[in-house]
Amino acid sequence: VLLHGLTTSVAGLQNRMGGVFFTLALFGFSGLSAMDVFMGEMSLSLREMRSGYYKIPPMLASKVFVDMMLLRILPACLFTAIFYPLAQFDDRMPNFLRFAITAVLVNVTAGTLVAALSVPFDSLGAANLTGSILMLVLLLLNGALLNLDGAPIYVAAFQHLSFFRYAYEAMLTNELKDKIVMIAAPGMDPFPLSANLFLDLLGLDPARINSDILTLLAFAAGHCFIAGFLLHRKKNKGKRSKNTCCGIPLPGAASKKDVPLLPQTSAPAASSAAMQMR
């Protein structure tokens with residue numbers, strides 16, 4: 001409702017940028033709801049995996065798939081179906097589909113990142129705090145709040161680690177490509193300005209829309225791989241720590257192979273030995 005009726009003026013350009021940033025922030029922080037994907041039943045899952053009931057890949061795939069369908073894809077599609085026409089973004093179907101796909105991938109990528117981040121933690125509060133700080137830093141590196149060209153080199157280099165950067169470029173260039181913005185400066189007659197020039201000043205390239213979408217997909221797959229790796233380490237760490245204390249084997253933790261077997265004697269031999277002792 002706040003963005004309804006966008007125009008081709010500078011105000012409309014600013015509102016389009018605000019709408020894109022709002023979408024990214026919404027789905028980025030809604031990804032924190034994925035903190036319970038593994039943490040909610042972590043102890044039970046680890047115990048069952050160590051007992052051999054199932055392996056990590058099927059457990060990981062089932063949990064991520066259910067969370068992805070119910071809390072990532074469906075909400076993002078519903079949001080896009082309501083938000084996009086109300087904001088009066090580009091009404092062409094290819095632009096709508098690209099916006100919807102990008103919104104879905106942002107939500108999926110944020111959810112898989114948070115799910116992977118929750119694996120090493122035992123405290124839900126610590127995991128939530130770490131996830132919130134990480135989302136804020138990644139959101140800052142998307143190029144909307146910070147001019148990355150003027151930032152220090154070590155800061156600008158980290159922009160490629162922020163999936164928000166690729167989503168921001170895909171959404172904004174999808175909306176502003178080939179549009180004309182009317183600039184109305186005080187004391188001057190309004191004059192047209194190509195939005196492509198504005199995108200170029202921001203370091204955004206409309207030709208990279210498809211590659212940005214594929215990069216978001218790669219981020220989501222990478223986060224799933226990291227989650228599986230961390231689960232494997234936690235599973236094996238529990239096995240090692242079960243029979244050790246501070247890396248030292250416990251006295252009663254020897255295996256059956258390490259316990260010396262007593263010599264076995266037959267029953268008649270044992271009874272005759274008892275009679276001789278008497």
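Given the structure is predicted, the values throughout are model-derived calculations rather than measurements. (Residues numbered from 1 in each chain as written. Predicted model: local features only at pLDDT ≥ 70, side-chain atom pairs only at ≥ 80, totals over all residues. Heavy atoms only, no water.)

Chemist: I tried to follow helix H4 (residues 56-87) on my own but got confused; where do I start?
Modeler: Turn by turn, an α-helix covers 3.6 residues, leaving residues three or four places apart pointing in a common direction. Between its terminal C-alpha atoms H4 stretches 43 Å, which fits the 46 Å expected from 32 residues at 1.5 Å a residue. Where H4 is concerned, the buried positions are Ile 56, Met 59, Leu 60, Val 64, Asp 67, Arg 72, Ala 76, Phe 79, Thr 80, Phe 83, Tyr 84 and Ala 87. Looking at the residues trailing H4, positive phi occurs at Gln 88, about 55°. (Helix = DSSP H or I, 4+ residues; strand = E, 2+ residues; numbered from the N terminus. Expected span 1.5 Å × (residues − 1). Buried < 20%, exposed > 50% of the residue type's maximum accessible area, 1.4 Å probe, protein only.)

Chemist: Looking at this model, I keep getting lost on the packing of helix H1 (residues 10-30) against H4. Mind explaining?
Modeler: Working note: a packed helix pair is described by the angle between its axes plus the distance between those axes. Running from amino to carboxyl end, H1 crosses H4 at an angle of 160°, the nearest separation of the two axes being 12 Å. When the axes of H1 and H4 are compared, the pair comes out roughly antiparallel. Judged by the sense of rotation from one axis to the other, the crossing of H1 with H4 is right-handed. On H4, the residues that touch Gly 19, Phe 22, Thr 23, Leu 26, Phe 27 and Ser 30 of H1 are Arg 72, Ala 76, Phe 79 and Phe 83. Taken together, the residues of the contact of H1 with H4 break down into six nonpolar, three polar and one charged. (Axes fitted to C-alpha atoms, helices over the stretch in contact; angles between N-to-C directions. Parallel < 35°, antiparallel > 145°, perpendicular 65-115°, else oblique. Left-handed = near helix turned anticlockwise from the far one by under 90°. Contact = heavy atoms within 4.5 Å. Nonpolar A, V, L, I, M, F, W, Y, C, P; charged D, E, K, R; others polar.)

Chemist: Teacher, can you tell me more about the pairing of strand E1 (residues 180-183) here?
Modeler: Consecutive side chains along a regular strand alternate between the two faces of the sheet. Here E1 shows a clear split, with Val 181 and Ile 183 buried on one side and none of Ile 180 and Met 182 buried on the other. Both E1 and strand E2 (residues 191-194) contribute to a ladder of four bridges, which runs antiparallel. Along E2, the bridge assignment pairs Val 181 with Leu 193. (Pairing = 2+ DSSP bridges.)

Chemist: What should I look at first to understand a nonpolar patch on the surface in this one?
Modeler: Among the surface-exposed residues, Phe 65, Val 66, Met 69, Leu 70 and Leu 71 lie close enough to one another that they form a single nonpolar patch of about 480 Å² accessible area. Looking at the secondary structure, you find Phe 65 in helix H4. Residue classification places Phe 65 among the exposed residues on the basis of a relative accessible area of 51%. (Patch = residues over 30% accessible without salt bridge, like charges linked within 9 Å, V, L, I, M, F, W, Y side chains within 5 Å. Areas by Shrake-Rupley, 256 points an atom, 1.4 Å probe, with all protein chains shown as cover. Salt bridge = Lys/Arg side-chain N within 4 Å of Asp/Glu carboxyl O.)

Chemist: For this particular structure, what's the right way to read the packing of H1 against helix H6 (residues 124-140)?
Modeler: Between H1 and H6, whose axes approach to 10 Å, the crossing angle comes to 155°. Considering their axes alone, H1 and H6 lie roughly antiparallel with respect to each other. Seen along the crossing, H1 lies across H6 with a hand that is right-handed. Counted together, Phe 21, Leu 24, Ala 25, Gly 28 and Phe 29 of H1 and Ser 132, Met 135, Leu 136 and Leu 139 of H6 form the full contact between these two elements. In the contact of H1 with H6, the residues fall into seven nonpolar, two polar and no charged.

Chemist: Sorry if this is basic, but what is going on with the confidence of the model for the protein here?
Modeler: Detailed reading of the predicted coordinates is not advisable wherever pLDDT falls low. Counting all residues, the mean pLDDT for the protein is 83, and 82% of those residues have values of 70 or more. Element-level pLDDT for the protein is lowest in strand E3 (residues 244-245), with a mean of 48, against a maximum mean of 95 in helix H5 (residues 93-118). (pLDDT = per-residue confidence, 0-100.)

Chemist: How should the nonpolar core be read in this particular structure?
Modeler: One broad trend across soluble globular proteins is that nonpolar side chains are buried collectively. Counting residues in hydrophobic clusters, the biggest one holds 60 residues, and the most contacted among them are Leu 24, Phe 38, Val 106, Phe 163, Phe 164 and Leu 231. With 11 residues, the top contributor of residues to this core is H5. Dropping the residues within four chain positions of it, Leu 24 is found in contact with Val 106, Leu 139, Asn 142, Phe 164, Ala 167, Tyr 168 and Met 171. (Core = buried A, V, L, I, M, F, W, Y, C linked by side-chain atoms within 4.5 Å.)

Chemist: Please clarify how helix H3 (residues 42-50) should be interpreted in this entry.
Modeler: Inspection of H3 places Met 42, Ser 45, Leu 46 and Met 49 among the buried residues, and these make up the whole buried set. Considered in projection along H3, the buried side chains sweep an arc of 100° and stay on one side of the axis. With its phi angle positive at about 90°, Gly 52 sits one or two positions after the end of H3. (Arc of directions from axis to C-beta.)

Chemist: I would appreciate a short explanation of the environment of Asn 196 in the present structure.
Modeler: Along the polypeptide, Asn 196 turns up in helix H9 (residues 195-201). For Asn 196, a relative accessible area of 30% corresponds to the partly exposed category. The spacing of Asn 196 and Val 181 is 15 residues in sequence and 9.8 Å in space, taken between C-alpha atoms. Apart from the residues lying within four places of it in its own chain, the contact partners of Asn 196 are Leu 176, Lys 177 and Asp 178.

Chemist: It is not clear to me how the packing of aromatic side chains should be interpreted in this structure. Could you clarify?
Modeler: Remark: the centre distance and the inter-plane angle together describe each pair of aromatic rings, the angle taken between the planes. The tally for this structure, following the rule as stated, stands at 12 aromatic pairs. Ring centres of Phe 83 and Phe 89 lie 5.6 Å apart, and the angle between their planes is 85°; on these two criteria the pair is classed as edge-to-face. Of the aromatic side chains, those joined through ring pairs into one cluster are Phe 22, Phe 27, Phe 79, Phe 83, Tyr 84, Phe 89, Phe 96 and Phe 99. (Phe/Tyr/Trp six-rings, centres within 6.5 Å; stacked < 30°, edge-to-face > 60°.)

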